[in-house]
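A structural walkthrough
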Amino acid sequence: MASSFRYTHAITCRIPLSLRTRGEIDLEEAKLQHEAYVRLLRDLGLDVLELPPDENLPECPYVEDCAVVCNGIALICRPGDANRLKEVEAVRAVLRKELDLPLAEIADQNARLDGGDVLFTGREFFVGLSKWTNEAGARAVASAFPEYPCVPIKVTEHRHLKYYVSMAGTDVLCVSKSKESQEILKRIEREATYTYSTLTLAEEQAANVLYVNGTLIHRLGEEIPQSASILSQKLDIPRQTVPMSELGKFSNGLTACCILIKRSRHIKIL
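Residues numbered from 1 in each chain as written. Predicted model: local features only at pLDDT ≥ 70, side-chain atom pairs only at ≥ 80, totals over all residues. Heavy atoms only, no water.

1. Quick look at the nonpolar core
Of all hydrophobic cores here, the largest spans 59 residues; its most connected members are Tyr37, Leu41, Phe126, Leu199, Leu210 and Ile217. Residue contributions to this core peak at seven residues, all from helix α1 (residues 27–43). Not counting residues within four places of it along the chain, the set of residues in contact with leucine 210 comprises Tyr37, Leu41, Thr215, Leu216, Ile217, Leu254, Thr255, Cys258 and Leu260. (Core = buried A, V, L, I, M, F, W, Y, C linked by side-chain atoms within 4.5 Å. Buried < 20%, exposed > 50% of the residue type's maximum accessible area, 1.4 Å probe, protein only. Helix = DSSP H or I, 4+ residues; strand = E, 2+ residues; numbered from the N terminus. Contact = heavy atoms within 4.5 Å.)

Right under this line is the structure:
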């Protein structure tokens, strides 16, 4: 299943000035953090397609919520926040015109689905039933990717599923010690078709990591000091850090700022 976490491309979106309307944020620092994030993805061998910022869409940098890509098919999401629907159009255009991916659209008008609630383990999908994603959204994931089991998982707090659990490697679930993260882990373990090992970190925000092309990306040690110590002791795979203090204030964190894609053949991006 290691090939499930090997990618050729990533879609990102630059930071609009309007992001600061979402709360207290150091905008210049957020831009620097995003630049470091994109640079790291490129260093790991990805062709990164950067969308321009849209001042009318303050949350446009968090592209994860717009699409779920697996096995060369892109499921176009229907965000739970109707104000974000226009973000989806920009991502749809890139997936179709630039990457030439086949698109799966959600037929059920009542469905709500944020990509931040969709965790793919390489073997099955877990879809968080949250403030933004409903049962019909989970059914859309199951319909788009019928070759994999798809399990709805209740998320009771006002965060997406992948804030509380993410993939830290092949068959490795990364969670934190927080109550919600541990409760979600128990739900996953009860419903999972397959068996996974667990990496438990200290700080809640540390649970959102990004495993890309054999390298684990996590927050800077200064942001998650206890978890950074655990990671250095327990993991023997390559690790890279990136600052997420500002970008992570209103998102899952590391997974939120990109859509990862594996192309079966190399294409030239003009």
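2. Some details on the pattern of salt bridges
One pass over the structure, following the stated rule, counts 13 salt bridges. Across the salt bridge formed by arginine 92 and glutamate 105, the nearest N and O atoms sit 2.9 Å from each other. Note that arginine 92 is positioned in helix α2 (residues 85–98) and glutamate 105 in the loop between β5 (103–104) and β6 (118–120), a separation of 13 residues in sequence. The exposure class of glutamate 105 is partly exposed, given its relative accessible area of 46%. Here glutamate 246 ties to lysine 249 by a salt bridge, and the two come within 3.0 Å at their closest N and O atoms. Judged by relative accessible area, glutamate 246 falls into the buried class, the value being 11%. According to the relative accessible area criterion, lysine 249 is partly exposed, its value standing at 37%. Several salt bridges converge on common partners, so that one network encompasses Arg22, Glu59, Asp65, Arg84 and Glu87. (Salt bridge = Lys/Arg side-chain N within 4 Å of Asp/Glu carboxyl O.)

3. Topic: the layout of surface pockets
Of the pockets and cavities examined, the largest pocket occupies roughly 590 Å³. Contributing elements (two or more residues each) for the lining of the largest pocket: β3 (67–70), β6, β9 (165–169), β12 (210–212) and β15 (259–261). Ranked by residue count, the leading element in the lining of the largest pocket is β3, at four residues. Here the lining of the largest pocket is built from residues that sort into 19 nonpolar, seven polar and four charged. Each pocket or cavity is described by its volume, and for the second largest pocket that value is around 310 Å³. As for the second largest pocket, its lining consists of 17 residues, of which Glu59, Trp132, His160, Phe250 and Ser251 are closest to the centre. (1 Å grid on protein atoms, 1.4 Å probe; cavity = no way out; pocket = protein on both sides within 12 Å on 5 of 7 lines; lining within 4 Å. Points joined across faces, edges and corners; volume = space filled by probe spheres on them. Nonpolar A, V, L, I, M, F, W, Y, C, P; charged D, E, K, R; others polar.)

4. Examining the pairing of β3
Across a regular strand the side chains alternate sides, sitting on one face of the sheet and then on the other. Side chains of β3 alternate between two faces, with Ala67 and Val69 and Val68 and Cys70 buried alike. Note that β3 and strand β4 (residues 73–76) share four bridges and pair antiparallel. Looking at the pairing, alanine 67 lines up with isoleucine 76 of β4. Counting the residues that bridge the hairpin from β3 to β4 gives two residues, and of these asparagine 71 lies at a positive phi of roughly 50°. (Pairing = 2+ DSSP bridges.)

5. Overview of the environment of lysine 249
Secondary-structure assignment places lysine 249 in the loop between β14 (239–242) and β15. In sequence terms lysine 249 and alanine 228 are 21 residues apart; their C-alpha atoms lie 19 Å from each other. When residues no more than four places from it in sequence are discounted, the contact partners of lysine 249 are Glu24, Ile25 and Arg159. A distance of 3.2 Å separates the side chain of lysine 249 from the backbone oxygen of glutamate 24, its partner in a polar contact. (Polar contact = N/O pair within 3.5 Å; in protein donor to acceptor, adjacent residues only side chain to side chain.)

6. Points about the sheet that holds strand β13 (residues 215–219)
The mixed open sheet is built from three strands, whose spatial order is β12-β13-β14. This sheet does not close on itself; its edge strands, each paired only once, are β12 and β14. Neighbour to neighbour, the strand axes of the sheet diverge by 30° on average, direction disregarded. Strand direction decides the pairing type here: β13 and β14, joined by four bridges, are parallel. (Axes fitted to C-alpha atoms, helices over the stretch in contact; angles between N-to-C directions.)

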